[in-house]
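# Descriptive analysis of the structure
Listed here are the chains, written in short residue letters.
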Amino acid sequence: MANEIKIRVNEQVRTVTAAPDTPLLYVLSSELNLQGPRFGCGLGQCGSCSVLVNGVEMRSCQTRVSAVEGKSVTTLEGLPAWYAAQNKLAKVPALHPVQQAMIDEQAVQCGYCFNGMIVKASELLSKTPQLTEAQIRSAMNGHLCRCGTYPRILKAVQRASQTMKGVTK
Amino acid sequence: MNTRREFLKTGGALVIGFSLSDELFGQQRGTPPGPDLRQIDTWIAIHSDNTATVYIGFCELGQGASTALPQIAAEELDLDMSQVKTVGLDTNVTPNQGGTFSSASVARGGPQIRTAAAEARFALLQLASKRLDTPLGRLTVAKGVVSVTGSPNRSVTYGELVGDKLFNVPFTGSAPVKPASEYKLLGTPVARRDMPAKVSGKHVYMQHVRVPGMMHARVVRPRGQGAYGDGAKVLSVDETSIRNIAGARVVRRGDLIGILAETEWDAVRAAQQLRVTWDMKPTLPGNDRLYDQMRAAETQDRVVLERGDVAGAADKAAHVVSLTGRGPYQAHALFGPSCAIADVRADSALIACSTSDVYGTRASLARVLEMPADKVRVQYYEGAGTYGHSCYDDAAQAAAILSQAIGKPVRLQFMRWDEHGWDNYGPAHVGEVRAAADSDGRIVAYEYHGWQHNWAVVETSAQLAFGTQPAERDGGAAQQVSPLNLGSMYDVPNLKLVNHRVPGLGYLKGGWLRSPLDLSFSFASEQAIDELAYRVGMDPYAFRQRNIKDARWLGVLDAVAKAAKWTTRRAASNLSKAKVVTGRGIGVGTHLASYGAAVAEIEVDKGTGRIRARHMYGAIDAGLAVNPGNIENQISGQLVQTVSRILKEEVTFNKTSVTSLDWNSYPILRFEECPEITPIVVQRLDERSTGAGEEVMAGAAAAIANAFFDATGVRMQEYPFTPGRVLAALKNN
């Protein structure tokens, strides 16, 4: 049965009506019309639905909406504000450094996987700002890209890591 | 909404009467006409604020067409990129430029847009000439401002000349087009315009589109298709099996079963829960018998190209090589499963989907809905990169059939297993090649025989709903043995290419997949060439140089060898007893035009059978590279995808159905396995632009195979190079 559930998404409390076992993804995309998390496999294999839950990357297709009650969900759209809050910046930047680096490296092709790539890389850099190439590859290994943009994503994550030097607390 | 149609009714600015031949703008076969292609207004609108909207008939598929094509328009109109806008593809709005496939956006679409922009500029200059009372020859344009040469104060903007009015001018056929020496934007790496929205969640993918009053839908099909000829028959549907999901209901048309629900989750879980008994026939060969069955099939044979006397020349040659190559079915494996929204009314239909060809899809939807094509409107929204004919038409048809059945808008999205399991797979291929060289290392004879079936015509939804008889496409250069990709790059006096068309109804449903068949062609052909070099005792790059006369083939070959710092030595001359060995290989190839060459550096673990591609180099000569930065991105994607397809990808199936239904059963290359990439664009400003989205894959496929030989001394005859297959090959040699 559908219940009223309160969830915090991108620092806004939203009330949604959904069966408690509804995967968070369908609530975010179909009820809240967010365009970051998107359906890729529904099996937790590809990463296109990734969001941050309390700063930790999770597959929203495998996360029940009831499981995030009382927690803070951040989607691709909310990354700049999340980054600003984390680092106590006076102003929210237009883009998270990882998002900006993806543009600077001209990394995108179709871009469908980039939600997960950016969310994962943002989580990664928030924990470990300076990373070796092998660490980045290993951390990102659960995110697939059909267009084969991995080499440029790798460069973009390295670039973002440089940008964040001195900013990240 | 202010539609293009309404805009077109608002009256014209000037009338000049001429006509242009149909040649450049030939209509797609069998599709009704869209906007008149010989009117400037079909292509370009000039606004009062001195910006322009360009109406483009090619889709952004992630390949960069939404940047490169406006770049061409801006160049020819003398506008900045920031002054040029585009609109979404829509059969009621954008011109019919044919489908976005065969890497045609810039190759075929570019000249059309360039012509239209040149015509518009010419018309604008004529207006300016009158307004400024100055002959055409004394006018110059920059950023849409026309001024008199030497008197910059005497000027008028495009916006002032025709702002928000129609040109009402047919093409003159005499508008001058810029020479390459005057290019400001063409040939420069303009940043992709779609990226800021794509990284921030502002880009509207098809999967995000919602319309009021719509129902969410899923299809219910067997997990994995059977033989294309058989379809799938419903024996029984147990609707009580979803009784606990109050919001969901079953809608059935023939054997097409849909679930409709108010909420997406209800549709998803009901579709998974619904108990359906299917009649599936065990008529497929299965992976293990596939190639033998194809090879033994009664085929329709055709000599594609023949010159000289292959048999006679081979008999006399010092070195003769025979080699068989087998390539599997591979999936588009569309990253975001196909999605469509259909709103079918009694007398009209609007369908939004991710088709690569809005006009082609409109024609097929009109047939399915039994509606005249001009009552059907198709709008394009980008989905995940499709890389060919994935399930976009199938999903659009299913949405349309269900919407027609319930009289409400329907949003239908495939599940992962629908997309992986009911794809139009790139067909499997068997190639047999025989090549001969004389003792000086000159290729004297080359013969190739290829076996594969053609592409499917009928979509699964139509087949299931109406029992439409499955059929295959005829002809088509990309579904048969390719004279461009087999032997022809070499200067060979005796050559024979034979296509053996296998009847396809007992096989999987086929369709075009990025660089169709080319990976399989080169896998066999370029290994044979490599083997000849080895037998002659030559370095494989030097051997190819000796046998290629064409300057453009040599150009890409040299460019890639230089980038890879290729040093001269015979292949397999450094064989080692170590457990992990390394090798390098080179290969050339293309798709339907352009020139591609690649070098692969790989590592083979002889203990585990695992291969790691360490570094891939790829060079393309696609004539005028409109946006070389974007082409580098395309080369990079092609190289990574080729590594994935040669090392990992294979559609698996038993006698009854496909069994590779997700990313675990159909693995693709992952981050940790991704090689370093070096893309090289050979720029040819004065040559016609040809495709750049798939032309380095064939050479790259062969380069990997040749690198494997260099590392191990063993020739692989079948891909993908899975650990099991590698260990078996090493053991047998």
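Residues numbered from 1 in each chain as written. Chains lettered and ligands numbered in written order. Predicted model: local features only at pLDDT ≥ 70, side-chain atom pairs only at ≥ 80, totals over all residues.

Right, let's talk about helix α3 (residues 97-104) of chain A for a bit. Most of α3(A) sits inside the fold, with 6 of its 8 residues counted as buried. Turning to α3(A), its buried residues number three or more, namely P97(A), V98(A), Q99(A), Q100(A), A101(A) and M102(A). Elements that come into contact with the buried residues of α3(A) comprise α2 (79-86), α4 (114-127) and α6 (150-164) of chain A together with α6 (195-200) of chain B. Positive phi shows up at Q106(A), right after α3(A), with a value of about 50°. (Buried ≥ 20, exposed ≤ 12 C-beta atoms within 10 Å, placed from the backbone. Helix = DSSP H or I, 4+ residues; strand = E, 2+ residues; numbered from the N terminus. Contact = placed C-beta atoms within 7 Å.)

Partitioning chain B into structural domains gives domain 1 (4-178), domain 2 (207-281 + 338-413) and domain 3 (286-330 + 425-732). Counting residues at the interface gives 18 residues for domain 1 of chain B and 17 residues for domain 2 of chain B. (Domains from an automatic or database assignment.)

Turning to the interface of chain B and chain A, a few remarks are in order. Between chain B and chain A, the residue contacts involve 44 residues of the former and 47 residues of the latter. Elements with a minimum of two residues in the side of chain B that touches chain A: α6, α7 (264-273), α17 (628-647) and β24 (676-681) of chain B. Top contributing element to the side of chain B that touches chain A by residue count: α17(B), with 6 residues. Of the residues that constitute the side of chain B that touches chain A, the class distribution is 19 nonpolar, 15 polar and 10 charged. (Nonpolar A, V, L, I, M, F, W, Y, C, P; charged D, E, K, R; others polar.)

This part covers the domain arrangement of chain A. All names here are of chain A. One can read the domain layout of chain A as domain 1 (3-77) and domain 2 (79-164). The interface of domain 1 with domain 2 comprises 16 residues on the first partner and 15 residues on the second. Taken together, the elements giving at least two residues each to the side of domain 1 that touches domain 2 come down to β3 (50-53) and β4 (56-59). Per-element accounting of the side of domain 1 that touches domain 2 gives the leading share, 3 residues, to β3. Per-class residue counts for the side of domain 1 that touches domain 2 are 6 nonpolar, 7 polar and 3 charged.

Turning to the pairing of strand β22 (residues 595-605) of chain B, a few remarks are in order. Residues and elements named next belong to chain B. Buried residues dominate β22, accounting for 9 of its 11 residues. The sheet contact formed by strand β21 (residues 580-589) and β22 spans 10 bridges and is antiparallel. Of the residues in β22, the one forming a bridge with V588 is A597. Taking the residues between adjacent antiparallel strands as the criterion, β21 and β22 are bridged by 5 residues, where S594 takes a positive phi near 70°. Across 10 bridges, β22 lies against strand β23 (residues 611-621) in antiparallel orientation. Opposite E603, over in β23, you have R612 as the bridge partner. The turn linking β22 back onto β23 is made up of 5 residues, and G609 within it adopts a positive phi angle of 80°. (Pairing = 2+ DSSP bridges.)

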